[in-house]
Amino acid sequence: MNEYEVFVEDITSCGGEKYAKKEFLEIEANSPEDYVRENGRYPILSVSQNDDGDTVILTGDSKGNFLRYTFTE
C-alpha cells in the first residue's frame, strides 16, 4: 500500500470549475486508479500526470458532472 494526499474537485454542470467543491484526503491505496475504481462515484474518463508528476484522474457522468482527483505521494 502507498500513502497519498488527494485533492478532490467536485465540478457540477451548473457551477463549473469556478464553484467546484474542494477537499483534501489522506489515503492508503495500491494505486490511484484502484482507489478511484473502488471509491469513486463515476467511471474513469482519463488518467494523466501534471507538471509536478502527480497523477490526475478525471471521472464523470454524461450530464456534465465531474470529479477530478490529484494524487500526490
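These numbers come from a predicted model, not from an experiment.

Rules and cut-offs
Numbering of residues starts from 1 in every chain and runs along the sequence as written. Local features in this predicted model are restricted to residues of pLDDT 70 or higher, and side-chain atom pairs are both shown and tallied only at a pLDDT of 80 or more, whereas totals for entire chains, interfaces and linings draw on every residue. Values reported for side chains reflect all heavy atoms of the structure, with hydrogen atoms and water molecules removed beforehand. For this analysis, a nonpolar core means a set of buried residues of the types Ala, Val, Leu, Ile, Met, Phe, Trp, Tyr and Cys, connected via side-chain atoms within 4.5 Å. Each residue is placed in one exposure class: buried if its accessible area under a 1.4 Å probe, protein chains only, is under 20% of its type's maximum, exposed if it is over 50%, and partly exposed if it falls in between. By the criteria applied, helices consist of DSSP H or I runs no shorter than four residues and strands consist of E runs no shorter than two, each listed in order from the N terminus. Residue contacts are defined here by distance: any two heavy atoms, one from each residue, within 4.5 Å place the two residues in contact. One requirement defines pairing of two strands: DSSP has to find at least two bridges between them. Angles shown run from 0 to 180 degrees and are taken between the N-to-C directions of axes, each axis being a line fitted to C-alpha atoms and, for helices, limited to the stretch in contact.

Whenever I open this one, the nonpolar core confuses me. Can you help?
One recurring pattern in soluble globular proteins: nonpolar side chains tend to sit buried together. Membership of the largest hydrophobic core is limited to 12 residues, which are Tyr4, Val6, Val8, Ile27, Ala29, Tyr35, Val36, Tyr42, Ile57, Leu67, Tyr69 and Phe71. Among the elements of the structure, β1 (2–11), β2 (21–29), α1 (32–39) and β5 (66–72) are those that each provide at least two residues to this core. If we skip the residues at most four places from it in the chain, Val8 touches Lys21, Lys22, Glu23, Leu25, Leu67, Arg68 and Tyr69.

Got a minute to help me understand the environment of Leu58 in this structure?
Mapping Leu58 onto the fold places it in strand β4 (residues 55–60). Put simply, Leu58 and Leu25 are 33 residues apart on the chain and 16 Å apart in space, counted from C-alpha to C-alpha. In contact with Leu58, not counting residues within four places along its chain, are Pro43, Ile44, Leu45, Ser46, Phe66, Leu67 and Arg68.

Would you mind showing me how to read the sheet that holds strand β3 (residues 44–49) here?
In sheet architecture, strand pairing relies on hydrogen bonds along the backbone and comes in two forms, parallel and antiparallel. Read from one edge of the open sheet, 5 strands run β2-β1-β5-β4-β3, paired in antiparallel fashion. The open sheet has two edge strands, β2 and β3, and neither has a second partner. Pairs of neighbouring strands in the sheet enclose a mean axial angle of 20°, with direction left out of account. Two strands pair when backbone bridges link them, and β1 and β2 are joined in this way by 9 bridges, in the antiparallel orientation. By the bridge assignment for β2, Asp10 is matched with Lys21. Its contacts with the sheet put α1 on β1, β2, β3, β4 and β5, and the angle it makes with β4 is roughly 25°.

Can you walk me through the pairing of β1 in this structure?
Every other side chain in a regular strand lies on the same face of the sheet, so the side chains alternate between the two faces. Pairing of β1 with β5, which is carried by 7 bridges, proceeds in the antiparallel orientation. Within the sheet, the bridge partner assigned to Asp10 lies in β5 and is Leu67.

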